[in-house]
Amino acid sequence: MDSSSTPLLQVENLSKRYLIKKTLFKKEFFKAVDKVSFTLDRREILGVVGESGSGKSTIGKLVLKLIQKDGGTIKFKGKDIYQFTKEEEKRFRRETSVVFQDPRTSLNPRFKIKEIVEEPLIVHNFPKEEREEKVKKAITDAGLDLSFLDRYPSQLSGGQRQRVAIARAIVLDPDMIVADEPTSALDVSIQLQIINLINSLKKDKGISFLFISHDINVIGMLSDYIMVIYRGKIMEKGKALDILKYPIHPYTKLLIASLPAQHPSQRDKIKYIPEVYREEIDGGCVFYSRCPDATDQCKTPPNYKKVNNREVYCHFV
Ligand SMILES: Nc1ncnc2c1ncn2[C@@H]1O[C@H](COP(=O)(O)OP(=O)(O)OP(=O)(O)O)[C@@H](O)[C@H]1O
Ligand SMILES: [Mg+2]
């Protein structure tokens with residue numbers, strides 16, 4: 001089951017809908033994630049990018065089984081995570097972890113840094129004599145020195161707090177981390193440090209990341225593969241370099257065209273793209289109402305097409 005040819009994470013047709021309205025006769029649902037498929041291999045970073053509300057965090061929570069799916073399958077190391085025995089479930093909890101956007105709210109302010117990082121080890125019944133060493137190692141691996149152990153989160157800067165959150169996420173030696181906007185609350189220069197740290201954790205420890213961000217610039221800096229999401233659907237998925245250099249889907253083009261001007265190499269390939277607002281239609285392409293290239297054909301949903309080494313959800317590729 002643990003053979004290295006099996007992808008670490010295999011997701012097929014994953015779907016999640018939220019109940020938004022309930023009356024006596026009718027329930028209304030909102031599709032937050034709609035038939036999303038992807039794989040994440042060992043020692044790999046898959047960037048998930050899309051605007052606010054596109055379903056990125058929902059995907060992250062689904063693959064960690066923090067919320068229940070409504071459809072599709074999620075396999076971790078070849079095994080359906082909904083078919084786990086109690087033992088396998090425990091191991092899954094040990095082998096996966098999460099880093100959230102805002103370390104101010106994700107770290108308990110009443111705990112010392114060493115207690116925050118030690119907690120997962122206690123939950124997983126590591127003996128006391130092993131815990132101290134593991135905490136120290138995680139803190140150092142996250143780029144902090146041991147003087148931080150006895151401090152409280154409020155005494156740390158935003159970047160240092162995020163390093164503590166990462167120390168906590170790696171203390172159990174996980175295979176996969178879902179990093180949900182881990183740099184979005186940080187200054188640009190600090191963002192870069194955290195991105196470098198994540199890259200080195202991938203290289204040195206072989207950890208795989210599902211890296212979630214609304215910022216395609218950040219996604220481009222560290223992802224091996226990219227998945228562009230719009231309204232719960234994958235618009236384009238492929239190798240990061242391919243997508244950044246030659247985006248195919250109109251929505252990916254829009255995201256890249258919105259990059260700041262210090263990326264002339266990317267910008268000169270993209271013309272100015274006008275903003276479009278068309279009336280919504282039910283059952284067509286989900287990007288129809290905002291797509292600069294849409295025609296009447298887009299009132300019917302496109303299929304995924306394989307082009308230039310990637311998958312694209314558009315009629316015109
Ligand atoms: N518990 C919930 N109940 C109802 N709707 C929800 C719930 N959680 C999320 N949603 C809705 O599902 C959609 C996707 O949410 P999600 O948090 O996954 O988006 P996101 O891409 O992570 O956005 P952001 O960039 O703002 O973090 C949003 O429209 C959101 O309002
Ligand atoms: Mg989110």
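The structure we're discussing is the one just above.
The model shown is predicted, which means the values in this text are computed figures rather than measured ones.

Trainee: Where do I start with the overall build of the chain in this structure?
Mentor: Within the chain, the regular secondary structure consists of 11 helices and 12 strands. Taking 2.2 N^0.38 as the reference for a compact globule, 317 residues should give roughly 20 Å; the C-alpha atoms of the chain span a radius of gyration of 21 Å, in line with that estimate. Overall, the chain is about 65 × 50 × 45 Å in size when its C-alpha atoms are taken along their principal axes. Taken over 317 residues, the chain has a buried fraction of 47%. A fraction of 63% describes how many contacts in the chain between residues 6 or more apart in sequence connect residues 24 or more apart. If you sum the accessible surface of the chain, you get close to 16300 Å²; carbon and sulfur atoms cover 49% of it.

Trainee: Honestly, the packing of helix H4 (residues 113–123) against helix H6 (residues 158–170) in this entry has me stumped. Any pointers?
Mentor: Helices that pack against each other are described as a pair by the angle of their axes relative to one another and the distance between those axes. Contact geometry for H4 and H6: axes closest at 7 Å, N-to-C directions at 30°. The angle between H4 and H6 falls in the class roughly parallel. For the element pair H4 and H6, the recorded crossing hand is right-handed. Contact residues: H4 offers Ile-113, Ile-116, Val-117, Glu-119 and Pro-120, while H6 offers Val-164, Ala-167 and Arg-168. For the contact of H4 with H6, the class distribution of residues is six nonpolar, no polar and two charged.

Trainee: Could you clarify how one ought to interpret the packing of H6 against helix H7 (residues 188–205) in this entry?
Mentor: Close contact between H6 and H7 brings their axes to 10 Å; oriented N to C, the two are set at 20°. When the axis of H6 is compared with that of H7, the two are roughly parallel. As for how H6 packs across H7, the hand of that crossing is right-handed. For the pair H6 and H7, contact is made by Gly-159, Gln-162, Arg-163, Ile-166 and Ile-170 and by Ile-190, Gln-193, Ile-194, Leu-197, Ile-198, Leu-201 and Lys-205, respectively. Taken together, the residues that form the contact of H6 with H7 break down as seven nonpolar, three polar and two charged.

What counts and how
Residues numbered from 1 in each chain as written. Chains lettered and ligands numbered in written order. Predicted model: local features only at pLDDT ≥ 70, side-chain atom pairs only at ≥ 80, totals over all residues. Heavy atoms only, no water. Helix = DSSP H or I, 4+ residues; strand = E, 2+ residues; numbered from the N terminus. Rg over C-alpha atoms; globule rule 2.2 N^0.38 Å. Buried < 20%, exposed > 50% of the residue type's maximum accessible area, 1.4 Å probe, protein only. Contact = heavy atoms within 4.5 Å. Areas by Shrake-Rupley, 256 points an atom, 1.4 Å probe, with all protein chains shown as cover. Axes fitted to C-alpha atoms, helices over the stretch in contact; angles between N-to-C directions. Parallel < 35°, antiparallel > 145°, perpendicular 65-115°, else oblique. Left-handed = near helix turned anticlockwise from the far one by under 90°. Nonpolar A, V, L, I, M, F, W, Y, C, P; charged D, E, K, R; others polar.

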